[in-house]
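Commentary on secondary and tertiary structure
Residues per chain are reported as follows:
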Amino acid sequence: VLLDEAFQETLPLVFEFLGVADPERPLPHMDPEARQRQLFALVRQLFEARSRREPTVTLLDDLHWIDAGSDAFVAQAVEAVSGTRTLLLTNFRPEYDAPWMSRSYYQQVALLPLGPEAVTELLDDLIGSDASLSALREQIQSRTGGNPFFVEEMVRSLVEGGSLEGKRGAHRLVEPIEQVALPSTVQTVLAARIDRLAEREKRVLQVASVIGKEIPEPVLRLVAELPDPDLRSALSELTRAEFMVEKALYPEAEYAFRHPLTHEVAYGSQLSERRKPLHAAVARAIEELQQEKLDENAALLAHHWEQADEKLPAARWHARAASWVVQSDQEASRSHWLDVRRLLAPLEDSPEKLGLDLMACAQLMLLGWVLGAPADEIEALFAEGKALAERTSDPLLRIALQVGYANYVGLSEGDVTRWVSASREALRLAEATGDLHRPMLLKTSLASALSFAGNLAESMELMEQCVANRPDEPTVLR
């Protein structure tokens with residue numbers, strides 16, 4: 001009324017709409033459609049009247065939460081600001097959409113994540129730069145993906161949980177943190193966004209979360225089991241809503257989660273029993289579609305089979321991954337072989353289980369020689385390997401175990417007596433196989449051990465036998 005006395009006539013409508021109807025000024029009876037038309041007209045008149053008096057800025061916050069009835073009023077406000085001195089500002093998450101966004105006087109500005117320097121500055125202000133915080137700061141920066149709300153909520157959770165002590169900008173870490181827990185506030189926000197998706201889009205997002213942070217479209221197509229038009233439509237909607245981004249188009253389409261925590265929540269929102277068959281389906285799809293890349297995908301396949309609770313296939317792929325990386329990363333190879341043994345431990349004996357377990361013992365001894373494992377660890381592996389060897393009929397695995405032990409005791413421990421003894425046993429096992437070439441290789445190993453032990457005559461004799469019986473063509477021994 002202070003803007004324009006003409007609004008006196010609309011007060012009964014306003015009071016009734018706000019639930020504070022004035023008995024002395026009742027609203028005349030009208031049908032709902034006419035009532036809504038009058039309310040919409042009131043919104044437009046308010047914006048126009050305010051603009052005539054002064055320039056204004058109106059902010060409508062978090063439109064993604066809005067109900068349909070209120071959304072209709074927003075549309076009227078958008079229509080009303082055209083040609084006035086009013087700037088109407090709204091903010092919303094990417095899934096919100098409205099017809100008024102096609103107006104010529106509408107402009108959208110995307111709020112990008114904070115860059116590394118800005119996140120560093122924010123963390124300086126929130127927790128400080130104490131030396132104890134170095135790893136924690138990197139973890140927060142990586143997991144939050146530049147979202148300042150996520151950064152603040154993670155820090156608040158750590159302070160309230162007692163992991164950080166001090167004051168704002170001057171905290172220190174009380175105890176090491178392997179993985180910062182996802183705060184309930186962030187979990188709620190992300191889970192609510194996912195819950196608002198249509199069932200088809202939600203299903204595709206959850207399947208994608210099982211595949212991983214990067215999602216090849218052919219794998220997703222096989223696992224999601226949707227017709228191509230439906231899958232493309234779902235991916236388009238998830239991309240538009242900024243849950244996912246298109247990472248590559250050639251040689252095949254590949255998608256990725258826009259934010260790492262979205263992937264985490266989408267994955268965690270599914271029951272473990274529901275995820276298991278999805279992991280198995282993903283593993284089968286990768287095996288079928290990426291046969292030329294099985295070695296480099298071995299670790300990924302091991303992960304999916306393990307999450308599917310299929311221990312033997314998981315151990316098989318861990319062994320392949322260990323062999324794939326051994327030349328470039330011995331520590332990673334050792335970790336894979338340890339996973340092989342961990343996965344096989346609860347399984348019943350079978351030829352494949354025993355073979356993988358024995359190979360893991362042999363390879364761990366060889367890597368122990370390179371990486372400097374303690375003697376008691378190698379002795380335990382050798383003892384366990386010998387027990388396994390008694391339950392398997394594969395002589396090559398028994399030879400590999402013996403060679404691994406011989407190399408360790410000789411080259412790492414410097415015990416030439418045991419080096420010679422273990423090498424003789426490896427040669428005896430090789431000769432028993434009837435193979436023409438493997439004993440020759442092991443004779444050279446024994447000759448090296450004998451020369452270090454000072455038995456040069458026998459060493460020379462073995463080397464002469466190798467030269468005399470060398471093959472005409474190079475031979476590769478597995």
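Let me sum up the structure you'll find in this document. (Residues numbered from 1 in each chain as written. Predicted model: local features only at pLDDT ≥ 70, side-chain atom pairs only at ≥ 80, totals over all residues. Heavy atoms only, no water.)

1. Examining the overall build of the protein
Filter applied, for reference: The secondary structure listing takes helices from DSSP runs of H or I that are at least 4 residues long and strands from runs of E that are at least 2 residues long, numbered from the N terminus. For the radius of gyration, the atom set is restricted to C-alpha positions; the globular benchmark scales as 2.2 Å times the number of residues to the power 0.38. The buried label applies to any residue whose accessible area, calculated with a 1.4 Å probe on protein chains only, is under 20% of its type's maximum; exposed applies above 50%, and partly exposed to all values in between. Contacts between residues were defined by any pair of non-hydrogen atoms, one from each residue, lying within 4.5 Å. Each accessible area is a Shrake-Rupley estimate made with a 1.4 Å probe; only the visible protein chains count as cover when residues are assessed. We score Asp and Glu as negative and Lys and Arg as positive, and we do not count His or the chain ends. To locate a charge, take NZ of a lysine, CZ of an arginine, CG of an aspartate or CD of a glutamate.
Across its full length, the protein carries 21 helices and 7 strands. For 478 residues, the compact-globule estimate of 2.2 N^0.38 gives 23 Å, and the protein exceeds it by more than 25% at 35 Å. For the protein, the spread of C-alpha atoms along the principal axes amounts to about 120 × 55 × 40 Å. Taken across its 478 residues, the protein has 39% of its residues classed as buried. Taking the intrachain contacts of the protein between residues at least 6 apart in sequence as the baseline, contacts between residues at least 24 apart amount to 62%. For the protein, the exposed surface amounts to about 26,500 Å²; the carbon and sulfur share of it is 52%. Distance between charge centres in the protein, computed from 49 positive and 75 negative side chains, equals 1 Å.

2. What about the side chain of R143?
Among the structural elements, R143 can be located in helix α5 (residues 134-144). Taking relative accessible area as the criterion, R143 reaches 8% and is therefore assigned buried. Those residues in contact with R143 that sit more than four places away from it in its chain are M154, Q179, V180, A181, H259, P260, L261 and E264.

3. Topic: empty space enclosed by the protein
What counts, and what does not: Grid spacing is 1 Å over the protein atoms alone, the probe is 1.4 Å, and a cavity is where that probe fits but cannot get out, while a pocket is an open set with protein on both sides within 12 Å along at least five of seven lines and lining residues have an atom within 4 Å of a point. Grid points are joined across faces, edges and corners, and a volume is the space filled by probe spheres set on the points. Residue polarity follows a fixed list, in which Ala, Val, Leu, Ile, Met, Phe, Trp, Tyr, Cys and Pro are nonpolar, Asp, Glu, Lys and Arg are charged, and the others, Gly among them, are polar.
Inspection of every chain in the model, using the stated rule, returns 1 cavity of 30 Å³ or more. Looking at the largest cavity, its volume works out to about 50 Å³. The wall of the largest cavity is formed by V403, A406, N407, S423, A426, L442 and S445. Of all the secondary structure elements, the ones that give two or more residues to the lining of the largest cavity are α18 (395-412), α19 (416-432) and α20 (438-453). Ranked by the residues each element gives to the lining of the largest cavity, the list is headed by α18, at 3 residues. Taken together, the residues of the lining of the largest cavity break down into 4 nonpolar, 3 polar and no charged.

4. A short note on the packing of aromatic side chains
Note the following rule: Only rings of Phe, Tyr and Trp enter the pairing, Trp through its six-membered ring, and a pair is recorded when the two centres are within 6.5 Å. The plane angle decides the type: under 30 degrees is stacked, over 60 is edge-to-face, the rest tilted. In our convention, an over-ring charge means Lys NZ or Arg CZ found within 6 Å of a ring centre and within 35 degrees of that ring's normal.
Tallying each qualifying case throughout the model produces 8 aromatic pairs. Between F17 and F73, the ring centres sit 5.6 Å apart and the planes meet at 40°, which makes this aromatic pair tilted. In this pair, F17 sits in helix α1 (residues 11-17) while F73 sits in helix α3 (residues 68-81), placing the two residues 56 residues apart along the sequence. Aromatic pair F92 and Y96: ring centres 5.3 Å apart, planes at 50°, arrangement tilted. Taken together, the aromatic side chains of F92, Y96, W100 and Y106 make up a single cluster linked through ring pairs. Against the face of F243 rests R193, its NZ or CZ located 4.2 Å from the ring centre.

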